[in-house]
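# Structural characterization, general
The primary structure of each chain is shown beneath.
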Amino acid sequence: MAEKYYITTAISYPNGRPHIGHAYEAIAADVIARHQRMQGKDVRFQTGTDEHGLKMAQKARELGVTPKALADEMTQYFIEMCDGLNVSYDVFQRTTEPRHHLASQELWRRMEANGDLYLDRYEGWYSVRDEAYYDESELIEGEGGEKLSPQGTPVEWTVEESWFFRLSKYAEPLLKLYSEQPDFIRPESRRNEIMRFVEGGLRDLSVSRTSFDWGVKVPGSGASKDSRHVMYVWVDALTNYITGLDFPDEQGDFAKYWPADLHLIGKDITRFHTIYWPAFLWSAGIAIPEHVFSHGFLLNRGQKESKSLGNVTDPMELAERFGVDVLRYFLMREVAFGQDGSYSPETIVMRANAELSNSFGNLAQRILSFIAKNLDGELPLVDTEATMALVDREFLGAVELNLSQFLIEMDLLNIDRALQEWMQAVFAANAYVDAQAPWTLKKTDPERMREVLSVLCCAIHDLSLALLPFAPSAAEKVLDLLGSKADRTYRLNLNGCWHIWDLSWMAAAHSRQHRIISPTPAFPRLELPAEDLA
């Protein structure tokens, strides 16, 4: 039975259309999910939308529609974004689905049965935009002395009856978790921030509201029977990760995939996932996730996007202008994963042309075109490693070494570093072409020309395999041209390292008498759109 891997994104708040940050997280999660599938794992990939809360109710009121109508309309844009960006999710979980209400209410019942819920009065600062409570000591001062959350969002003083969760009870278990499993929170800088926060003391958490009714009703049984209360949106939202596995049914998918191997989230919601969520699960007697990785923000030319600045980017517009595969590759290559990063049309074009078009795309284009023209498209078979020329073995060995390191960096979620390793292998392939000059060998040593071309086909094949998680359509196109019909899994040896000498794909293509046709470029050169020329 294949090893399982369950990965989730945060669920997006659909009070507006998707922005580039939503696309970045969805693409990153998809790259990781595809990478895990290519290692032969049984992957479950879940994303979705977080449709409850005061923010949604207020936005719907502004627009003169019901919250459900707003959620239905906006959620469709998120589904279209994922589909348009070739995001291979297995489950798109909406929190308005009836099964999610049942799952959230069951979690509540279990926390109540454990003695962790009690009724009291809440007085304190609340940010509607963040859907979060803040202590006075956390607030910052805005213009004119306005109190703001640590995220710079407005806060308001809130007083209402509320159910409370005994979060303070879990401070020591949380600190023990962070200490004994240091990779539970990544990157390390986020772990350190969360540890300092918990070490400063945890207060019990308000987990219900009566000031609005757009949410999951507190279940009508036990001491918490009160139809006025709806769950605090983060109790509801976090539960989505088990709703999608059919909780409270603990057989089937839940038994197969839980606990999650990775929650991939933005850094602004780290606290909810690494403090509240483990505590809720412990209280309910459910295993906690293995890892939480909080990535950074994407900045538009160095600035955070906002409606007031007028610099909010539609990710689908970028994908249409530059191509889905180019956008996916750029975002994973340009930004150090876990840190903030910046983008602009200029940097997208520069990166895509330098690496995808000029380096890898040109490599595949000129070699496959050369074979189509000079060998009638016949795929030349590579020699065995034992009989191969030393220069060929050294070249393929270097590619193998780079791709093995690529795998290591991917498993560590150093995605940008993994692509650096991939690019080093591409550079090595181009240097090998220039040194061996098959166009010259055509006149002086045709047999050696065939050997060189076969070695290059081997390298291009494996470089395309490694590129599949990032640029699936373009990489698949190159593999199809080579006649590779093998399962789309990495070529690994018994130690889990890249095994470039697995040439079964080549032998199978040759036995089918596959012919390479002259290709169109997998990555055509891009020109900067006129509107971006300054």
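Everything here concerns the structure above.
We now turn to the structure provided with this report. (Residues numbered from 1 in each chain as written. Predicted model: local features only at pLDDT ≥ 70, side-chain atom pairs only at ≥ 80, totals over all residues. Heavy atoms only, no water.)

### What to know about the sheet that holds strand S4 (residues 117-127)
Here four strands make up an open sheet; going across it, the order is S5-S4-S8-S10 and the pairing antiparallel. What marks the edges here is a single partner per strand, and that holds for strand S5 (132-134) and strand S10 (205-206). In terms of strand pairing, S4 meets strand S8 (residues 156-165) through 10 bridges, oriented antiparallel. Bridged to Glu-123 within S8 is Val-159. (Pairing = 2+ DSSP bridges. Helix = DSSP H or I, 4+ residues; strand = E, 2+ residues; numbered from the N terminus.)

### Quick look at the packing of helix H5 (residues 171-180) against helix H10 (residues 270-284)
The N-to-C vectors of H5 and H10 enclose an angle of 110°; their axes lie 10 Å apart at closest approach. Classed by the angle they form, the pair H5 and H10 counts as roughly perpendicular. The interaxial crossing formed by H5 with H10 has right-handed handedness. Note on element contacts: H10 touches H5 through Thr-274, Ile-275, Pro-278 and Trp-282, opposite Pro-173, Leu-174, Leu-177 and Tyr-178. In terms of residue class, the contact of H5 with H10 is made up of seven nonpolar, one polar and no charged. (Axes fitted to C-alpha atoms, helices over the stretch in contact; angles between N-to-C directions. Parallel < 35°, antiparallel > 145°, perpendicular 65-115°, else oblique. Left-handed = near helix turned anticlockwise from the far one by under 90°. Contact = heavy atoms within 4.5 Å. Nonpolar A, V, L, I, M, F, W, Y, C, P; charged D, E, K, R; others polar.)

### A short note on the side chain of Thr-9
Mapped onto the elements, Thr-9 comes out in strand S1 (residues 4-9). On the basis of relative accessibility, which here comes to 2%, the residue Thr-9 falls in the buried class. At a separation of 2.7 Å, a polar atom in the side chain of Thr-9 contacts the side chain of Thr-47. (Buried < 20%, exposed > 50% of the residue type's maximum accessible area, 1.4 Å probe, protein only. Polar contact = N/O pair within 3.5 Å; in protein donor to acceptor, adjacent residues only side chain to side chain.)

### Let's talk about the sheet that holds strand S16 (residues 303-304)
Spatially, three strands are ordered S16-S15-S17 in an open sheet, and the strand pairing comes out mixed. Each having just a single partner strand, S16 and strand S17 (341-343) make up the two edges of the open sheet. One ladder, built from two bridges, connects strand S15 (residues 298-300) with S16; its direction is antiparallel. Paired with Asn-300 across the two strands is Gln-303, which belongs to S16.

### Some thoughts on the side chain of His-35
Considering the arrangement of structural elements, one finds His-35 in helix H1 (residues 20-37). Given a relative accessible area of 0%, His-35 falls into the buried group.

### Description of the packing of aromatic side chains
The tally for this structure, following the rule as stated, stands at 22 aromatic pairs. Here the aromatic rings of Trp-234 and Phe-272 are separated by 4.1 Å at their centres, their planes lie at 5°, and the arrangement is stacked. Highlighted residues: Trp-234 in helix H7 (residues 233-238) and Phe-272 in helix H10, separated in sequence by 38 residues. Between Tyr-490 and Trp-498, the ring centres sit 5.3 Å apart and the planes meet at 50°, which makes this aromatic pair tilted. We classify Tyr-490 as buried; its relative accessible area is 5%. For Trp-498, a relative accessible area of 1% gives the class buried. Among the aromatic side chains, those forming a connected cluster through ring pairs are Phe-165, Tyr-170, Trp-234, Phe-272, Tyr-276, Phe-280 and Trp-282. Looking at Lys-55, its charged tip hangs above the ring of Tyr-13, at a distance of 4.2 Å from the centre. For the cation-ring pair, Arg-209 lies above Tyr-126, with the distance from its terminal atom to the ring centre recorded as 4.4 Å. (Phe/Tyr/Trp six-rings, centres within 6.5 Å; stacked < 30°, edge-to-face > 60°. Lys NZ or Arg CZ within 6 Å of the ring centre and 35° of its normal.)

### A few points about the packing of helix H15 (residues 415-436) against helix H17 (residues 446-467)
Axis separation between H15 and H17 bottoms out at 11 Å; the angle between their running directions is 165°. With respect to each other, H15 and H17 are oriented roughly antiparallel. Between H15 and H17 lies a crossing of left-handed hand. Together, Trp-422, Ala-425, Val-426, Ala-429, Tyr-432, Val-433 and Gln-436 of H15 and Arg-448, Val-452, Val-455, Leu-456, Leu-463, Ala-466 and Leu-467 of H17 make up the contact between the two elements.

### Here's the deal with helix H3 (residues 67-84)
With 18 residues, H3 extends 26 Å between its outermost C-alpha atoms, agreeing within 8% with the 26 Å of an ideal straight helix rising 1.5 Å per residue. When we look at burial in H3, the residues that qualify are Leu-70, Ala-71, Met-74, Thr-75, Phe-78, Met-81 and Cys-82. Along the axis of H3, the buried positions cluster into a sector of 115°, meaning they face one direction only. (Expected span 1.5 Å × (residues − 1). Arc of directions from axis to C-beta.)

### Describing the environment of Thr-444
Here Thr-444 shows up in helix H16 (residues 438-444). By relative accessible area, which is 59% here, Thr-444 ends up exposed. Linking Thr-444 and Glu-400, residues 44 residues apart in sequence, is a C-alpha distance of 29 Å.

### Topic: the pairing of strand S3 (residues 91-94)
Each regular strand shows side chains that alternate between the opposite faces of the sheet. Here S3 shows no split at all, with Val-91 and Gln-93 on one side and Phe-92 and Arg-94 on the other all buried. Where strand S2 (residues 42-49) lies against S3, four bridges are found, and the strand directions are parallel. Bridge pairing links Thr-49 to Arg-94 in S3.

### Focus on the layout of surface pockets
Within this model, the second largest pocket holds a volume of roughly 340 Å³. Taken together, 20 residues line the second largest pocket, and the ones lying closest to its centre are Tyr-133, Asp-135, Glu-138, Phe-197 and Arg-203. For the lining of the second largest pocket, the per-class residue count stands at nine nonpolar, four polar and seven charged. (1 Å grid on protein atoms, 1.4 Å probe; cavity = no way out; pocket = protein on both sides within 12 Å on 5 of 7 lines; lining within 4 Å. Points joined across faces, edges and corners; volume = space filled by probe spheres on them.)

### Regarding H5
Of the residues making up H5, those classed as buried are Ala-171, Leu-174, Leu-175, Leu-177 and Tyr-178. Down the axis of H5, the buried side of the element spans an arc of 155°, and every buried residue falls inside it. For H5, the exposed residues lying more than 90 degrees away from the buried face are Glu-172, Lys-176 and Glu-180.

### Thoughts on the pairing of S1
Summarising burial for S1: six of the six residues are buried, a large majority. Alternating residues of S1 divide into Lys-4, Tyr-6 and Thr-8 and Tyr-5, Ile-7 and Thr-9, and every residue in both groups is buried. Across five bridges, S1 lies against S2 in parallel orientation. Of the residues in S2, the one forming a bridge with Lys-4 is Asp-42. Regarding topology, H1 serves as the crossover connection from S1 to the parallel S2, and that connection is right-handed. Of the strand pairs in this sheet, S1 and strand S13 (residues 262-266) are connected by three bridges, and their pairing is parallel. (Right-handed = clockwise from strand over helix to strand, strands pointing away.)

### A short note on the nonpolar core
Counting residues in each nonpolar core, the largest one holds 102 residues, and the members touching the most others are Met-332, Trp-422 and Phe-470. Of all the elements, H17 adds the most residues to this core, at 13 residues. Other than its neighbours up to four places away in sequence, Met-332 contacts Tyr-24, Ile-27, Ala-28, Val-31, Ile-415, Asp-416, Leu-419 and Phe-470. The next biggest cluster of nonpolar side chains, apart from the first, holds 77 residues, and it includes Met-56, Ala-71, Phe-212 and Val-218. (Core = buried A, V, L, I, M, F, W, Y, C linked by side-chain atoms within 4.5 Å.)

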